[in-house]
Amino acid sequence: MSFSDRSSGRRRTAHAARTALGASALALTLLTTAACGPDNSSADTAATAGAGAGAAPNIGLPANLEDLKKWKFDDWEKWAKDYALPAAAKGFWTLDKLLKAKPNEPLPPPAAPPAAPPAAPAQPTQAPAQPSQPGQPSQPAKPSQPGQPTPPGAPTAPATTPGKPPAGQPTQPGHPTSPPAAPKPSNTQQPASQAPAPPAQPTQAPAQPPAQPAQPTQAPAQPAQPSQAPAQPAQPPAQPAQPADNGNDPLPKTVNAQPLPHPYTKLAVHGKLFADAPGSGAEAAAGLSHYQCSATVVADPAHPGKSNLVWTAGHCIHQGKGGKYFSNISFIPAFNSNGALSGGKQAEEAQYAPLGIWNATQAVTSPQWKAEGGDGGSPATQYDFAIIRVQPGEGGKSLEETVGGAVPVWFNAPREQLSITEYGYPAAPPFDGMELNRCESGKPTRLSYDPTRPPMHAIGCTMTGGSSGGGWLAVKDGRPALVSNVSVGQHTGDPKFQAGPYLDDVAAGAYDFISKKG
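Residues numbered from 1 in each chain as written. Predicted model: local features only at pLDDT ≥ 70, side-chain atom pairs only at ≥ 80, totals over all residues. Heavy atoms only, no water.

Colleague: Got a minute to help me understand the overall build of the protein chain in this structure?
Modeller: Across its full length, the protein chain holds 16 helices and 16 strands. For the protein chain, the proportion of its 518 residues judged to be buried stands at 53%. When contacts within the protein chain are restricted to residue pairs at least 6 apart in sequence, those whose partners lie at least 24 apart make up 79%. (Helix = DSSP H or I, 4+ residues; strand = E, 2+ residues; numbered from the N terminus. Buried < 20%, exposed > 50% of the residue type's maximum accessible area, 1.4 Å probe, protein only. Contact = heavy atoms within 4.5 Å.)

In structure tokens, the structure reads:
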């Protein structure tokens with residue numbers, strides 16, 4: 001993704017945003033979230049994921065993701081030193097600037113597939129090595145085992161069945177999900193490794209008859225084997241972190257976005273987010289640094305009923321690796337609710353921003369996005385989320401009180417329970433950014449760039465740039481709750497889909513931090 005306007009070929013550090021404006025909901029309740037666990041702290045940005053948690057300042061990420069999930073409030077505060085932002089000047093966002101703002105494009109999937117597939121060809125070499133052992137005299141009775149060398153081929157069959165993704169994906173070149181079948185070969189190794197074990201046993205059988213009296217001495221030797229058993233349990237922990245399919249499912253089917261009828265009175269938690277990407281000189285003077293995304297009003301556990309928090313994508317407010325926060329970040333709930341700007345019309349601020357323009361004063365994104373974020377789909381996009389705090393309105397009235405509700409956030413939501421509806425203001429063709437749209441996308445599939453991190457949610461949706469950051473809602477306990485936001489998008493070819501981060505304990509920790517900072 002690139003925050004630069006790809007059509008104008010403008011940026012280099014930019015990270016194409018996804019504006020998919022979030023949340024639906026009339027009367028929505030708060031979600032109380034517990035802070036992530038204990039110990040460990042890290043400094044700030046601009047580092048790669050390999051840095052250890054106890055290293056020098058500004059290391060970025062701890063070496064172990066599990067450590068990051070356990071960060072306490074103090075750990076977040078030590079790391080998020082730049083969470084406080086200068087608010088945009090009153091009247092900064094004129095209609096002219098709003099109309100010039102370029103849509104942040106959802107980050108594109110990578111053009112090249114993961115390098116996992118090469119591991120598959122190496123396995124057939126093990127299978128031929130096994131037939132050489134059948135040369136032992138004891139194996140004439142094992143002609144049935146030559147059938148076992150075929151199991152190495154057999155796993156490949158299952159790999160294509162559970163790997164139905166690969167079957168459908170070859171037609172979708174360049175999609176990150178094309179290689180999910182790569183991990184399957186790891187399953188083929190097991191049958192291959194088990195096959196040689198049987199041939200080894202027949203050689204022990206002939207040796208045992210003459211040595212039967214000596215067997216008692218072998219019995220004591222057997223107790224030594226248990227010592228190997230305890231060594232084996234150490235291996236399983238590494239396996240669960242590597243899904244057999246690399247965390248990828250077949251891509252979801254295309255779902256057409258539908259414009260919602262005016263006014264957006266009952267959907268005022270959804271809005272547009274505007275921001276200026278870091279820049280200077282003639283480019284900035286010409287307004288080329290203005291960008292637009294989508295966002296959602298979310299509940300604030302520390303301030304029940306009076307939330308000033310807004311959820312969006314990390315790439316909508318921060319450049320990522322080596323970059324900075326955007327400036328003049330402002331949120332307009334229920335943008336163009338009455339259709340005052342629809343069809344190319346002009347209008348006054350009170351008409352297109354009936355609930356006001358809310359300036360951000362605090363922001364936090366994930367350590368992964370700040371340390372690793374870039375111009376396209378990558379492991380960093382699996383944590384591409386952000387939360388901002390806006391200034392209260394006149395008389396101290398909160399954003400939640402003004403729009404009439406806030407959406408609770410559902411962390412670690414069970415995937416099988418989700419039926420997702422996306423909201424946003426797509427602004428790249430064929431859309432113009434003036435209308436709130438919705439994709440009723442249903443059950444998400446998984447999309448992953450790094451199998452050691454939670455796979456993203458992927459849904460079919462035809463929304464384009466400008467929908468970045470838009471909220472994805474699912475029903476929890478009978479009420480809408482936010483479960484993700486637009487991060488990655490594929491808007492050409494078929495299927496057209498978008499993907500958003502799975503909100504785990506890292507997201508819960510960032511949310512808890514900014515809630516308590518208010």
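Okay, back to it.
Colleague: What am I meant to see in the state of the cysteines here?
Modeller: Covalent bonding between the sulfur atoms of two cysteines defines a disulfide. Counted according to the given criterion, the structure contains two disulfides. At a sulfur-sulfur separation of 2.1 Å, the disulfide partner of Cys293 is Cys316. Between Cys293 and Cys316, the disulfide has an S-S torsion of -85 degrees and is therefore left-handed. Taken as a pair, Cys293 in strand 4 (residues 290-298) and Cys316 in the loop between strand 5 (309-312) and strand 6 (327-333) lie far apart in primary sequence, 23 residues in all. On the basis of relative accessibility, which here comes to 2%, the residue Cys293 falls in the buried class. The disulfide partner of Cys439 is Cys461, and the gap between their sulfur atoms is 2.1 Å. Measuring handedness by torsion sign, the sulfur bridge of Cys439 and Cys461 sits at about 80 degrees and is right-handed. Residue Cys439 is found in strand 10 (residues 437-442), and its partner Cys461 is found in the loop between strand 12 (456-460) and strand 13 (471-476); the two are separated by 22 residues along the sequence. Of the two residues, Cys439 and Cys461, both sit in the buried class. (Disulfide = S-S within 2.5 Å.)

Colleague: What exactly am I supposed to notice about the sheet that holds strand 12 here?
Modeller: Pairing between the strands of a sheet is mediated by backbone hydrogen bonds and can be parallel or antiparallel. In spatial order, the strands read 11-12-16-15; together these four strands make up an open sheet with antiparallel pairing. Each edge of the open sheet carries a strand with a single partner, namely strand 11 (445-447) and strand 15 (488-490). Within the sheet, the average angular offset between the axes of one strand and its neighbour, ignoring direction, is 30 degrees. (Pairing = 2+ DSSP bridges. Axes fitted to C-alpha atoms, helices over the stretch in contact; angles between N-to-C directions.)

Colleague: Help me understand the packing of aromatic side chains in this model?
Modeller: Given two aromatic rings, one states the distance between the centres and the angle between the planes to describe the pair. Taken as a whole, this structure holds 16 aromatic pairs when the rule is applied. Geometrically, the ring pair formed by Phe73 and Phe513 is tilted, given 5.4 Å between the ring centres and 40 degrees between the ring planes. Of this pair, Phe73 sits in helix 2 (residues 73-79) while Phe513 is found in helix 16 (residues 505-517), placing the two residues 440 residues apart along the sequence. Take Phe513: its relative accessible area is 1%, and that puts it in the buried class. An angle of 55 degrees between the planes, with centres 5.4 Å apart, marks the rings of Phe411 and Tyr511 as tilted. Remark: Tyr511 occurs in helix 16 and Phe411 occurs in the loop between helix 15 (399-403) and strand 9 (420-424); sequence separation between them is 100 residues. Cluster of aromatic residues (ring-pair linked, three or more members): Phe92, Trp93, Tyr264, Phe274, Phe335, Tyr352 and Tyr425. Sitting over the face of the ring of Phe335, Lys272 holds its NZ or CZ atom 4.9 Å from the ring centroid. (Phe/Tyr/Trp six-rings, centres within 6.5 Å; stacked < 30°, edge-to-face > 60°. Lys NZ or Arg CZ within 6 Å of the ring centre and 35° of its normal.)

Colleague: Just to check I follow, could you spell out the pairing of strand 13 for this structure?
Modeller: Walk down a regular strand and you will see the side chains alternate between the two sheet faces. Here strand 9 runs beside strand 13; their pairing, made up of two bridges, is antiparallel. Within strand 13, the position partnered with Thr421 by the bridge is Leu473. Relative to strand 14 (residues 479-485), strand 13 runs antiparallel, the two sharing six bridges. Following the sheet pairing, Ala474 is matched in strand 14 by Ala481. If you look at the hairpin formed by strand 13 and strand 14, you'll find two residues sitting between the two strands, and Asp477 has a positive phi there, around 55 degrees.

Colleague: So what exactly am I meant to see when it comes to the sheet that holds strand 2 (residues 258-259) here?
Modeller: Read from one edge of the open sheet, five strands run 2-10-9-13-14, paired in antiparallel fashion. The sheet is open, and its two borders are formed by strand 2 and strand 14, each paired with just one other strand. Bridge count for strand 9 against strand 10 is five bridges, and the pairing is antiparallel. When the sheet's bridge partners are listed, Glu422 is paired in strand 10 with Cys439.

Colleague: I tried to follow the environment of Asn437 on my own but got confused; where do I start?
Modeller: Within the fold, Asn437 resides in strand 10. Between the alpha carbons of Asn437 and Ala257 there is a distance of 6.0 Å; along the sequence they are 180 residues apart. Look past the residues within four positions of Asn437 in its chain and what remains in contact with it is Ala257, Gln258, Pro259, Leu260, Glu422, Tyr423, Gly424, Pro426, Phe431 and Met463. Separated by 3.1 Å, the side chain of Asn437 and the backbone oxygen of Glu435 make a polar contact. (Polar contact = N/O pair within 3.5 Å; in protein donor to acceptor, adjacent residues only side chain to side chain.)

Colleague: Help me out: how do you make sense of the pattern of salt bridges in this one?
Modeller: Two side chains carrying opposite charge are able to pair once their charged atoms lie near each other. The final tally for this structure, using the stated rule, is 12 salt bridges. Between Glu77 and Lys517 there is a salt bridge; the shortest N-O distance is 2.6 Å. Here Glu77 is found in helix 2, whereas its partner Lys517 is found in helix 16, with 440 residues between them in sequence. Among the salt bridges present, the one from Asp249 reaches Arg446, with a minimum N-O distance of 2.9 Å. Of this pair, Asp249 sits in the loop between helix 11 (228-231) and strand 2 while Arg446 sits in strand 11, and the two are 197 residues apart along the sequence. You can call Arg446 buried: its relative accessible area is 19%. (Salt bridge = Lys/Arg side-chain N within 4 Å of Asp/Glu carboxyl O.)

Colleague: Just checking my understanding: could you explain the layout of surface pockets for this structure?
Modeller: Rolled over the atoms, a probe with the dimensions of a water molecule shows which regions are left empty. Within this model, the largest pocket holds a volume of roughly 430 Å³. Taken together, 17 residues make up the lining of the largest pocket; nearest its centre are Lys90, Glu349, Gly356, Ile357 and Trp358. Along the lines of polarity and charge, the residues of the lining of the largest pocket split into eight nonpolar, six polar and three charged. (1 Å grid on protein atoms, 1.4 Å probe; cavity = no way out; pocket = protein on both sides within 12 Å on 5 of 7 lines; lining within 4 Å. Points joined across faces, edges and corners; volume = space filled by probe spheres on them. Nonpolar A, V, L, I, M, F, W, Y, C, P; charged D, E, K, R; others polar.)

Colleague: I tried to follow the confidence of the model for the protein chain on my own but got confused; where do I start?
Modeller: Should pLDDT be low for a region, the predicted coordinates there are not to be read in detail. Residues at a pLDDT of 70 or more form 60% of the protein chain, whose mean pLDDT is 72. The low-confidence segment residues 1-59, where pLDDT is below 50, has 287 contacts with residues more than four positions distant or belonging to other chains. When the criterion is pLDDT under 50, residues 112-240 qualifies, and its contacts beyond four places in sequence or with other chains add up to 92 contacts. (pLDDT = per-residue confidence, 0-100.)

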